[in-house]
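Topology and contacts: notes
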Amino acid sequence: MLEKIKILLGIADEDASKDELLNLLISNAKAFAISFCGYDEYTSKLDAVVMKMVLEDYNRMGAEGISSRSFSGVSESYSDDYSTGIYTLLKRFKKVILL
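Counted according to the given criterion, the structure contains two salt bridges. Between lysine 6 and aspartate 19 there is a salt bridge, and its shortest N-O distance comes to 2.9 Å. Remark: aspartate 19 occurs in helix 2 (residues 19-37) and lysine 6 occurs in helix 1 (residues 2-9); sequence separation between them is 13 residues. Taking relative accessible area as the criterion, lysine 6 reaches 2% and is therefore assigned buried. Since its relative accessible area comes to 18%, aspartate 19 is described here as buried. Measuring nitrogen to oxygen at the nearest pair gives 3.2 Å for the salt bridge that ties glutamate 56 to arginine 60. Remark: arginine 60 and glutamate 56 occur in helix 3 (residues 47-60); sequence separation between them is four residues, near one turn of the helix.

Right, dumping it as structure tokens:
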């Protein structure tokens, strides 16, 4: 998964300077997906969603929480959550518990 994310981010495969950070983001995204979907362990069917989550997390770094910004009127909006697209994808894999 790390190699695919590096390709999507335009980071050369031999450039290991961001590997530790990316592996941490992957680990955090996997843990979130497992918890959200109600799984006991990670399954590879979540890979595509987790990669999108990592890309969102990585691209948000340095501007954590800012969802929109306006310069002339000095207006900023903050969000500390994943996009609705991520949640839509995760809901497809959510475990349904029948009572």
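Right, picking up where we left off after that structure.
Turning our eyes to something else, we now look at a negative patch on the surface. A surface patch of negative charge is lined by Glu3, Asp13, Glu14 and Asp15. Looking at the secondary structure, you find glutamate 14 in the loop between helix 1 and helix 2.

In this section: the packing of helix 1 against helix 3. Taken N-terminus to C-terminus, the directions of helix 1 and helix 3 make an angle of 50°; their axes are 11 Å apart at the nearest point. Judged by the inter-axis angle, helix 1 sits oblique to helix 3. Both helix 1 and helix 3 take part in a crossing whose hand is right-handed. In this structure, helix 1 uses Lys4, Ile5, Leu8 and Leu9 to contact helix 3, whose residues at the interface are Met51, Val54, Leu55, Tyr58 and Asn59. Residue composition of the contact of helix 1 with helix 3, by class: seven nonpolar, one polar and one charged.

Conventions used here
Residues numbered from 1 in each chain as written. Predicted model: local features only at pLDDT ≥ 70, side-chain atom pairs only at ≥ 80, totals over all residues. Heavy atoms only, no water. Salt bridge = Lys/Arg side-chain N within 4 Å of Asp/Glu carboxyl O. Helix = DSSP H or I, 4+ residues; strand = E, 2+ residues; numbered from the N terminus. Buried < 20%, exposed > 50% of the residue type's maximum accessible area, 1.4 Å probe, protein only. Patch = residues over 30% accessible without salt bridge, like charges linked within 9 Å, V, L, I, M, F, W, Y side chains within 5 Å. Areas by Shrake-Rupley, 256 points an atom, 1.4 Å probe, with all protein chains shown as cover. Lys, Arg positive; Asp, Glu negative; His and termini not counted. Charge placed at Lys NZ, Arg CZ, Asp CG, Glu CD. Axes fitted to C-alpha atoms, helices over the stretch in contact; angles between N-to-C directions. Parallel < 35°, antiparallel > 145°, perpendicular 65-115°, else oblique. Left-handed = near helix turned anticlockwise from the far one by under 90°. Contact = heavy atoms within 4.5 Å. Nonpolar A, V, L, I, M, F, W, Y, C, P; charged D, E, K, R; others polar.

Remember, this is a structural readout, not a statement about activity or role.
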